[in-house]
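Summary of the model geometry
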Amino acid sequence: MIFIRKFLDNINNLTVLKAFFTSKKGIILSTAAAGFLASFGFAPYSSFVAILAAYFLLFLLCFNLDTKKQVFFAVLLFFAVQNAVTLSWLNFVMEDFGQLPIFASLTIEILFSFYLALPYALCAVISFVIAKKVKTSAIACFMPVSFCLADFIVGYLFSGFPWMYIGNAMQTGPFSSYAPLIGVRGINLLAYIFVGALALTATRRFLYLPAAGIIFVFGILTMGIRFTVDSGTLNVVLVQGNIQPEVKWDPKHIMPSIGKYWNLTEPYVKPKTLIVWSESSIPLYIEECGGLLNDLNAVVNNESARLITGIQHIDLDTKESFNSMILLGDKDNFSFDNLARYDKKHLVPFGEIVPFEKYLRPLGSIFNFPMSGFSKGQEQQDPFNVFSFNLLPVICYESIFPELIRNADNAEINGIVMVSNDGWFGKTRGPLEHLAIAKIRALELQKPILRSTNNGVTAIIDAQGNIASIPADEASVLSSQVTLTKGLTPYARFGNIPFLIMLFIVFCCGFIIRNHHSSKLDENLRSLIRP
């Protein structure tokens, strides 16, 4: 009994827990567990509560660590575990299509997870250096700001991979309502401030609790606010051909694959209907299939319908090839010269473009995916005009880059037409994660997304983020009447300017807290709370 009483007394004083969690073993176990918990924030689970709880534990642990070295390894391990679990689909890509042995694919995935985690670990250390010995300022201000800096680094360095932003996990709940106001980067900042304030509250610094409360309550109050207005309806048919990636580029399967898409499509070729085929659903160059495109154009034009399809394009002068989308049926006669076309601007590293290809391609299949020699499309390209509606074209990987899509939006854009081929993911969580990120884009701009994929998830996401989809890994069609919108959200209008202003204010507040950490007000408030 005496032992139990002493143990409970120690637990009450948190001395035993702190001693354990700040030990080498405790840091490894606690950050790994928190990182694993954070992975439940992403699809298919999409629990914003889980990811906020995980980051709360990370911030709380960092507050109780004694050295910058401990902070570095804690943050590094947290993000590495979160990344490794959430990006587990990378193994399927490398094993099935890259033909790497499982040991090699796991090694590459783990190294990539640590690579993505490194900027956060370094920026966390910088935040504690700036805070000097005032940990409160680090947790409340400098760490949220430094994590946003790490978000930028991860999103832009070596072409960028902004897949794992905490804001991408805010599919529902109060934080999702900030998407049209300040975009995913603003959500990132508010989430970091929120968990930092809760972590400080857990250390009996109750002065910071109102900050978390204001963020949460304001998010609730702004849920459902519309900044765009309805601009009409459009009959939409999204075709999911379910062509297996390993045979898609085989010359023997090209015409049967196109035939399968047409057989699914033909019953829906009706007046005032937009039909969307997936990325590379016509696995040919525009320049080599003029007869096929002429026939498709004639059929859909005669029925007053429209067809948008993924295809490839080659510049006959420069010999550069592009991953493209085209619009058919909008003109009576097909012509290469006046074809409405969009060329993909942001390419997948090692998938569509191989850096140092002279040296890497000879190393194996992992660097020789089909059609992995594309060039980038021009930055400024016209939207597709479909029955007087303007649709912004987006291809696959581009959907994860918030600035790319926001910069192309304007008040006259009525929706986004997005084509993708997520068959490379296999039956993993990858396609659902990709869909979830697309939903954030819809929330940011309050424009519907017409998302046609080869294997799934083919879906229609309305301006409020509601999703209608069809099952993955089967040939099917999603037909619906979609309400289009027009106008601009605050995020679409101002971009990252409000976010950067917020970032600057939080950074300045960090210095105020650091320079006045021993103020009598703070001490008096804390003394009012009994141990």
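Structure shown above.
All of the points below concern the structure found in this document. Note that this is a predicted model, so its numbers are computed, not measured.

Definitions and limits used
- Residues numbered from 1 in each chain as written.
- Predicted model: local features only at pLDDT ≥ 70, side-chain atom pairs only at ≥ 80, totals over all residues.
- Heavy atoms only, no water.
- Helix = DSSP H or I, 4+ residues; strand = E, 2+ residues; numbered from the N terminus.
- Buried < 20%, exposed > 50% of the residue type's maximum accessible area, 1.4 Å probe, protein only.
- Contact = heavy atoms within 4.5 Å.
- Areas by Shrake-Rupley, 256 points an atom, 1.4 Å probe, with all protein chains shown as cover.
- Axes fitted to C-alpha atoms, helices over the stretch in contact; angles between N-to-C directions.
- Parallel < 35°, antiparallel > 145°, perpendicular 65-115°, else oblique.
- Left-handed = near helix turned anticlockwise from the far one by under 90°.
- Nonpolar A, V, L, I, M, F, W, Y, C, P; charged D, E, K, R; others polar.
- Pairing = 2+ DSSP bridges.
- Disulfide = S-S within 2.5 Å.

Attention now moves to the overall build of the chain. Each helix and strand counted, the chain has 19 helices and twelve strands in total. For the chain, buried positions account for 55% of its 531 residues. Relative to all contacts within the chain whose residues are 6 or more apart in sequence, the contacts with residues 24 or more apart total 71%. Here the chain displays about 23100 Å² of accessible surface, and carbon together with sulfur accounts for 64% of that area.

Quick look at the packing of helix 8 (residues 135–156) against helix 18 (residues 497–515) now. For any two helices packed against each other, one specifies the inter-axial angle together with the distance between the axes. Two elements in contact, helix 8 and helix 18, have axes separated by 8 Å at closest approach and are oriented at 150 degrees. The pairing of helix 8 with helix 18 is recorded here as roughly antiparallel in orientation. As for the relative orientation of helix 8 and helix 18, their crossing is left-handed in sense. On helix 18, the residues touching T136, S137, A140, C141, F142, V145, C148 and F152 of helix 8 are F499, L503, V506, F507, C509, G510, F511, I513 and R514. Taken together, the residues of the contact of helix 8 with helix 18 sort by class into 13 nonpolar, three polar and one charged.

Attention shifts here to helix 6 (residues 89–97). Those residues of helix 6 that sit buried are W89, L90, N91, V93, M94 and F97. Next to the buried residues of helix 6 lie helix 5 (68–86), helix 7 (102–131), helix 11 (245–248) and helix 16 (430–445). With its phi angle positive at about 55 degrees, Q99 sits one or two positions after the end of helix 6.

Moving on to unusual backbone geometry. Here the amide bond leading from A43 into P44 is cis, since omega sits at 10 degrees, within 30 degrees of zero. Position of P44 among the secondary structure elements: in the loop between helix 3 (24–38) and helix 4 (48–64). Here F387, not a glycine, exhibits a phi torsion of approximately 50 degrees, which is positive. By relative accessible area, F387 is classed as buried at 14%. Phi is positive for S388, which is not a glycine, with a value near 70 degrees. Residue position: S388 is located in the loop between strand 6 (384–386) and strand 7 (389–395).

Below, the discussion takes up the sheet that holds strand 10 (residues 459–461). Taking strand neighbours across the sheet as the criterion, the six strands line up as 6-7-8-9-10-11 in an open arrangement whose pairing is mixed. Looking at which strands have only one partner, the edges of the open sheet turn out to be strand 6 and strand 11 (467–469). On average, each strand axis in the sheet is tilted by 25 degrees relative to the strand beside it, whichever way the strands run. Strands strand 8 (413–420), strand 9 (449–453), strand 10 and strand 11 of the sheet are contacted by helix 16, whose axis makes an angle of about 160 degrees with strand 9.

Considering all chains together, one arrives at zero disulfides under this definition. C508 forms no disulfide, and the closest cysteine sulfur to it belongs to C509, at a distance of 7.1 Å. With relative accessibility at 31%, the residue C508 sits in the partly exposed group.

With mixed pairing, the six strands of this open sheet are ordered in space as 5-4-3-2-1-12. Pairing within the sheet leaves two strands with one partner each, and these edge strands are strand 5 (340–343) and strand 12 (476–486). Pairwise comparison of adjacent strand axes, ignoring direction, gives a mean angle of 30 degrees for this sheet. Direction of pairing for strand 3 (residues 306–314) relative to strand 4 (residues 321–328): antiparallel, over a ladder of eight bridges. Considered in strand 4, the bridge of I314 is made with S321. This element, helix 12 (residues 251–265), spans strand 1 (229–240), strand 2 (273–276) and strand 12 of the sheet and lies at about 130 degrees to strand 1.

The topology assignment puts L198 in helix 9 (residues 179–202). Note on L198: relative accessible area 26%, which makes it partly exposed. Along the backbone, L198 and L57 are 141 residues apart, and their C-alpha atoms lie at a distance of 9.7 Å. For L198, the residues in contact, after removing those within four places along its chain, are F56, L209 and A212.

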